[in-house]
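Single-letter residue listing:
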Amino acid sequence: MKFKLSILSIGLALTVFSPLSQTADLEKIQLPDMGDSSGTLISPAQELELGGAFFRQLHSQVQINEDVEIQQYIQEVGRRLVLNSDAPTNPFYFFVVLDDNINAFAGPGGYIGINSGLILMTEAESELTSVMAHEVAHVTQRHLYRAFEAASKLSIPTAAATLAAILIGIKNPAAGQAALIAVQAASVQKQIDFTRDNEQEADRIGMQTLVAANYDPRSMPTFFERLQQSSRFYGQAAPEFLRTHPVTESRISDTRSRADQYPYKQYPDSLTYLLARTKLKALTSNDNPATLHYFQATQAQGTQEQRMVARYGEALMYLKTQKLPAAEKILADLVSRYPDQAFYVSALARCHLEGKQFDKALKIYQQAIKHFPTNSALKFEYVNSLLKAGQPKVAQQALESLAGNVQEHTLYLELLAQSYADLKQMAESHRYLAEYYYAVGQTKTAILQIKLAQKEKSLNSYLGAILEERLHFFLEEEKQRRENE
Ligand SMILES: [Zn+2]
């Protein structure tokens, strides 16, 4: 069994992207009317189900970030925007896609993806949140409603695959689905390209949300300008984001004049933004010497805080390239100066872990978890360390203490499966591996894992019943998928 647990060794699986057509002309998308006689309206529950399937499907097409610190950050700022939007109770889930292409997209059920390429292009936190607020507005204004409705006429797995292919601009969906998606995509595609009206509305509503959440409204036109300039610079390879959300001169001047109506003030970046962006840069870099040099060079610039973050970046590059003493030296210094910064504390512990100094690493995590009780990233890393240190039973207890909402994280399922494997409880291990594969859109492999679990001698009747039920559920979904092929 192979687990992807080394948090800093991510190889980018970039996919080839295709341009999206800009042919749609849907100026008059209406809010859903419950009295509609067509009987094809997608219900909120159906949309959520479609959203879950869409998110699972995405995993097999792009690399979704598994770093919990980065995930925690993006979900936090996303929550802050939603709470200040016109639909604060809507379900939303924000996540990062590890992809250099500059893109952000909103799927069904409030699933909003932001590519690492876009995050790394931002020069201020408000630039990032302005794009996120724009996407939130597309969701709350239900601009994609028609697309979801068109897709919902397909079976859920097929609808999810079709939406995923379109939203992220994938050229090569799984072989069996290719022909189908080509046909279906055309009808859904027409409903998915945003019209000029949609874009203006998303800008307008998005800016209200941005201001209410105390981010800089001027960052919206600033970032749009940078996007437009980059597209001029790159020519053919214009950012994916611009294909689904065309930025025109008039959009920039409209948002500029709207932003100017707000009084000018300073909006300092949060330290967490700087740290999360730095970690993402280190994580996704495919030119380690150049990235190391960048962090070294930027230590002479900016505020004291920014210089410290650049040192953190330098340490992460040492950690990534296994120069552990150099990493430890910087991180120990950062922790002694800023004991309240969880990013520094966890990086120091990770440094000990990489050096197989398990006791040191575990001690730091134990203290840190007491110090930052709501930080689930630390708990995940603690569990990972316990497994590496050969303490699967304690690891399981720590996993159980995690809050219910993070148990949906795919890393949770991976760690749980690993802990059972280490305890030689193979039926349970296969069971959670099945759930992991299902969560990342590989239902066939999930079925295989259930069958492996069923062959285990240690199987009790309780687990046997669960396995039987899950097998039925997975098989049914595969059947639906095949019927559409
Ligand atoms: Zn847009």
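Residues numbered from 1 in each chain as written. Predicted model: local features only at pLDDT ≥ 70, side-chain atom pairs only at ≥ 80, totals over all residues.

J.: Describe the overall build of the protein chain, and please don't skip the residues or the numbers.
T.: Scanning the protein chain from N- to C-terminus turns up 23 helices and 3 strands. Considering only contacts within the protein chain whose residues lie at least 6 apart along the sequence, 67% involve residues at least 24 apart. (Helix = DSSP H or I, 4+ residues; strand = E, 2+ residues; numbered from the N terminus. Contact = placed C-beta atoms within 7 Å.)

J.: Outline the packing of helix α2 (residues 68–83) against helix α4 (residues 125–140), listing residues and values.
T.: Remark: α2 packs on α4, axes separated minimally by 10 Å, with the N-to-C direction vectors making an angle of 55°. Considering their axes alone, α2 and α4 lie oblique with respect to each other. The handedness of the crossing between α2 and α4 is right-handed. Two secondary-structure elements touch here, α2 through Val 77, Gly 78, Leu 81 and Val 82 and α4 through Thr 129, Met 132, Ala 133 and Val 136. (Axes fitted to C-alpha atoms, helices over the stretch in contact; angles between N-to-C directions. Parallel < 35°, antiparallel > 145°, perpendicular 65-115°, else oblique. Left-handed = near helix turned anticlockwise from the far one by under 90°.)

J.: Any details on helix α22 (residues 443–454)? Residues and values, ideally.
T.: Compared with an ideal rise of 1.5 Å per residue, which puts 12 residues at 16 Å, α22 spans 17 Å between its outermost C-alpha atoms and is within 8% of the ideal. Of the residues making up α22, those classed as buried are Thr 443, Ala 446, Gln 449, Ile 450 and Ala 453. Buried residues in α22, looked at end-on, bunch into an arc of 110°, giving them a common side. Where α22 is buried, its residues contact α21 (426–439) and α23 (461–483). (Expected span 1.5 Å × (residues − 1). Buried ≥ 20, exposed ≤ 12 C-beta atoms within 10 Å, placed from the backbone. Arc of directions from axis to C-beta.)

J.: Run through the nonpolar core, naming residues and quoting values.
T.: If you look at the biggest cluster of nonpolar residues, it comprises 127 residues, and the most contacted ones within it are Tyr 312 and Ala 347. Taken together, domain 1 (44–259) and domain 2 (272–483) each give at least three residues to this core, which thus spans both. (Core = buried A, V, L, I, M, F, W, Y, C linked by C-beta atoms within 7 Å. Domains from an automatic or database assignment.)

J.: Could you give me a rundown of the sheet that holds strand β3 (residues 111–115), with the residues and numbers involved?
T.: Hydrogen bonds along the backbone pair up the strands of a sheet, which may run parallel or antiparallel. Pairing is mixed in the open sheet, where 3 strands are placed in the order β1-β3-β2. If you trace the sheet from one side to the other, it starts and ends with β1 (93–97) and β2 (104–106), each paired once. Adjacent strand axes in the sheet meet at a mean angle of 15° when their direction is disregarded. With 5 bridges connecting them, β1 and β3 associate as parallel partners. Bridge pairing links Val 96 to Ile 114 in β3. Strand contacts of α4: β2 and β3, with the helix running at about 20° to β2, the strand carrying the most contacts. (Pairing = 2+ DSSP bridges.)

J.: Describe the pairing of β3, with residues and values.
T.: Within β3, 5 of the 5 residues are buried, which leaves the element mostly enclosed by the surrounding structure. Burial along β3 is two-sided: Tyr 111, Gly 113 and Asn 115 facing one way and Ile 112 and Ile 114 facing the other are all buried. As paired strands, β2 and β3 are joined by 3 bridges and run antiparallel to one another. For Phe 105, the partnering residue across the bridge sits in β3 and is Gly 113. Counting the residues between successive antiparallel strands, the hairpin from β2 to β3 contains 4 residues, one of them, Gly 109, with a positive phi of roughly 70°.

Purely spatial values, then, with no claim about function.
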